[in-house]
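For reference, the chains in residue letters:
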Amino acid sequence: MYDAELMAVATGAASTLVAAITTSGVEKMRLKVAHFFRRATPEQQRAATDAVDDTAAQLTSPAPETRALAETAWAQLIARYLAEHRDALSEVDELAVPTPSASKVWNQHNTGTGTFIGGDVHGGMTFNHGGASDGGR
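Residues numbered from 1 in each chain as written. Predicted model: local features only at pLDDT ≥ 70, side-chain atom pairs only at ≥ 80, totals over all residues. Heavy atoms only, no water.

### Concerning helix 4 (residues 65–84)
Every α-helix winds through 3.6 residues per turn, so residues three or four apart in the chain are directed the same way.
Consideration 1: End to end, helix 4 covers 29 Å across 20 residues, agreeing with the expected 28 Å (1.5 Å per residue, within 8%).
Consideration 2: For helix 4, the full list of buried residues reads Thr66, Ala70, Trp74, Ala75, Leu77, Ile78, Ala79, Tyr81 and Leu82.
Consideration 3: Where helix 4 is buried, its residues meet helix 1 (4–24), helix 2 (26–36) and helix 3 (42–58). (Helix = DSSP H or I, 4+ residues; strand = E, 2+ residues; numbered from the N terminus. Expected span 1.5 Å × (residues − 1). Buried < 20%, exposed > 50% of the residue type's maximum accessible area, 1.4 Å probe, protein only. Contact = heavy atoms within 4.5 Å.)

### Overview of helix 1
Consideration 1: Here helix 1 is 21 residues long and its end C-alpha atoms lie 29 Å apart, about the 30 Å a rise of 1.5 Å per residue gives.
Consideration 2: Among the residues of helix 1, Leu6, Ala10, Ala13, Ala14, Leu17, Val18, Ala20 and Ile21 are the ones counted as buried. All buried residues of helix 1 fall inside an arc of 160° around its axis, so they share one side. In this structure, helix 1 carries Ala4, Glu5, Ala8 and Thr23 as exposed residues pointing more than 90 degrees from its buried face.
Consideration 3: Taken together, the buried residues of helix 1 touch helix 2, helix 3 and helix 4. (Arc of directions from axis to C-beta.)

Set out below in structure tokens:
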């Protein structure tokens, strides 16, 4: 049996990881999992990366218990790994996918003489890169 701290970390990481698999894509999360489990044996590494694919396939089911089962399986896998590699505790946050930053607004002003491609620009233009729309403001 694992200690309470280890299980708390593994459970939180498992929940975050399962959510990330559904939102960030399997390939991206497979790479993150492979990096996190890099201290494991080749068989354990393969099992962990295969588990990403298995989780993605399971989460296509509409059954409400599917997510909980996936989180439990990941919590056990992560806890087992952390019990063998305590130094990996500081790296658990690598499994999380950073949330996108708020919208960024850039302003471009064309001044001077000469031809501007497309003619004169009147008004403004907003690019929302990574974040929610600002509603045209």
